[in-house]
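Residue-level structure breakdown
Listed below, chain by chain, are the residues.
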Amino acid sequence: MPEPATDMVLLKAAGTPPRLLAKALFLAGLLLLACLASLLFGAGDVGPVRALTWLLGGGDDEAHFVISTLRAPRALIGLTVGMALGVSGALLQAVARNPLAEPGLLGVSAGSAFAVALILVMGASAATLRVGVAQIGALVGCLCVLGVARLRGVDGDPIRLVLAGAAFTGLLGALTSLLLLYDQRAADEIRFWVVGSLSGRRLDDLVAIAPGLLVAGVITLLIARPLASLALGERVATGLGHQPKLIRLLVIFSVALLVGSATAVAGPIAFVGLVVPYAARALAGPDIRRTLWLCLLLGPLMVITADIISRLLVAPSEMPLGVLTALCGAPVLVAVVRARRLPSL
Amino acid sequence: MSTPSDALGDEAAGLEASDLGLAYGKHTIIEALNLSLPQGQVTAIVGPNGCGKSTLLAGLARLHTPSQGHVLLDGQDIQRLPSRALATRLALLPQETHAPEGLTVSELIRFGRQPHQGWLRQWSEEDQCVVAQAMEAADLQGLADRSLDALSGGQRQRAWIAMTIAQHTPLLLLDEPTSALDLGHQIEVFELIRRLAAKGRTVVMVVHDLASACRYADYLVAMHEGAIIAEGDPRDIVTPTLVRQLYGIDCTLIPDPETGSPLLAGIRRASS
């Protein structure tokens, strides 16, 4: 019989650091503020004071209309898209073991956008159809770029994977533009969509993507533990009784569902999946079981904040959200790449 | 609080290879190999580079699917065991390990509890206790919250071994557990392995250095070109002829004055 472990050792071996909960609560508070701000600010005549009056029970019909039919759905969509993009980035980075693996940079969003452009040109327009097609496009994009990543030489160098993704994204972007050149109607319909934006979306879009998001959420919950062990290497994960190949497939499937859904609603929005997991890791450490929770809060926080800024920056017109996230995200990418060495996952 | 007993002696841990063949594609590494590992002892697999020792270990751990024959754990074919069930009976430490930046010692060791957890069985007091014991066994008290990157090579390797200890399996397979360590750290790790065997675990390790294998193993398996050319107590089987067969060197063997295990002296390239 070994000596009983001391309390001190037991304490050290204990689970989640209590600080994580405090951080999560703080972020939840910030997110709540962002949501509120998203209802208060916007282009048009309804300013913060009128909006707040309506929220507090008073106010006028115009404020009612603007908030309940324009700003509230927009905030909800921002919340959903942000969660989907933040989580998908964390998942893709974990499965590629690459801190730069971001759905927007690797061509997953571009694959999704290309697929949607393709069916629009072919004459379709139903929202539900668009969601399914966007998800299939994301899946194909994901498989293509991870297939490239497994080729000899690219494997093991995070930056090469991003280069492969950039080439792929560029190619798909060019093809999408080409399609739109030939079809003016489709071009008008998706010109704003293709740069990524939350404006003019309807709540129906959320209903269409709900099933996909639900499935992705359940899969993510089921595979979180084995996925965390994959960070220790394939052999160790196998030794712990997991099946890395199966986990990887399931992760890719959920990433496709998440990115496809987000893209179907808001268009391709890059860099959220890079910046959000990066911040989450800085706050919660390397274990994906913890970073995922923070991504659920940080993703919408970033998307909603960027959306508010996009409304105010060049009011009364709007800057597309995708442009703004790229403006914030690109410097982060440069900073990460320029760092003395890449953080390893 | 009840402390789970660390004695694993009541669980049998017989691992055998029967007519085992392992291949990469069409390239056969091991053919028709038979081996039965002594329980509760330390077995070292030695041999020159490329002799198939790591492949054999991978086969024993089911990282590699046999092209022929079977690996039997207590008489059962390991290919037929569910992954989780296997992971509660056999723990494995690969040669090259990699941990994400910032992972702490206690976080790493907690991974060892995964095979014992499930949807209905989340983190428990027993897990906590086993992790604390593993940390104590590997002499890592006080380092629980240290990041792995901040440890010495020996401490880091002991932390990885502690993860496999926390898996609480009667069998431990270690692939070159000391390959990247300096002499002092090697001894740290080998002494930990001896302590584990003293507590009833069966340890199988691939070892590069014949002298360390002789010093720390109860049972030696010498491999050459995918076949076992000698096995048994190192004091009985290690002879100048065997050393010559394995490594192509001539040497004189003298017994270690402290332990009696064979030491290699006067090493020179074999005159052909």
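Just above, that's the structure.
The present account deals with the structure reproduced in this document. Not measured: the values here are computed from a predicted model.

**Re the environment of alanine 227 of chain B**
Considering the arrangement of structural elements, one finds alanine 227 of chain B in strand 10 (residues 227-232). Residues alanine 227 of chain B and proline 38 of chain B, spaced 189 residues apart in sequence, show a C-alpha to C-alpha distance of 19 Å.

**Side note on unusual backbone geometry**
Where the residue is not glycine, phi is negative for most of them; where a peptide bond is considered, it is trans in most cases. One non-glycine residue, aspartate 19 of chain B, adopts positive backbone phi at about 55°. A relative accessible area of 36% means that aspartate 19 of chain B is categorised as partly exposed.

**What to know about the packing of aromatic side chains**
Residue and element names in this part refer to chain B. According to the stated counting rule, one finds one aromatic pair over all chains in the structure shown. Ring centres of phenylalanine 190 and tyrosine 216 lie 4.7 Å apart, and the angle between their planes is 10°; on these two criteria the pair is classed as stacked. Placement of phenylalanine 190 in helix 6 (residues 183-198) and of tyrosine 216 in helix 7 (residues 210-216) is noted, with a sequence separation of 26 residues between them. Residue phenylalanine 190 shares its accessibility class with tyrosine 216, and that shared class is buried.

**As for the state of the cysteines**
Residues and elements named next belong to chain A. Counted by the stated rule, this structure contains zero disulfides over all chains. Looking at the unpaired cysteine 142, the closest cysteine sulfur is the one in cysteine 144, lying at 9.6 Å. We classify cysteine 142 as buried; its relative accessible area is 0%. Not engaged in a disulfide, the cysteine cysteine 328 finds its nearest cysteine sulfur in cysteine 295; these two sulfurs lie 16 Å apart.

**Focus: the side chain of lysine 53 of chain B**
Residue and element names in this part refer to chain B. Residue position: lysine 53 is located in helix 1 (residues 53-60). For the buried lysine 53, no salt bridge exists, and the shortest N-O distance to an oppositely charged side chain is 4.3 Å, to glutamate 176. Polar side-chain contacts of lysine 53 include one of 3.2 Å to the backbone oxygen of glycine 47. Residue contacts for lysine 53: discarding those within four places in its chain leaves Ile45, Val46, Gly47, Pro48, Glu176, Val206, Val207, His208 and Met223.

Parameters at a glance
Residues numbered from 1 in each chain as written. Chains lettered and ligands numbered in written order. Predicted model: local features only at pLDDT ≥ 70, side-chain atom pairs only at ≥ 80, totals over all residues. Heavy atoms only, no water. Helix = DSSP H or I, 4+ residues; strand = E, 2+ residues; numbered from the N terminus. Buried < 20%, exposed > 50% of the residue type's maximum accessible area, 1.4 Å probe, protein only. Phe/Tyr/Trp six-rings, centres within 6.5 Å; stacked < 30°, edge-to-face > 60°. Disulfide = S-S within 2.5 Å. Lys, Arg positive; Asp, Glu negative; His and termini not counted. Salt bridge = Lys/Arg side-chain N within 4 Å of Asp/Glu carboxyl O. Polar contact = N/O pair within 3.5 Å; in protein donor to acceptor, adjacent residues only side chain to side chain. Contact = heavy atoms within 4.5 Å.

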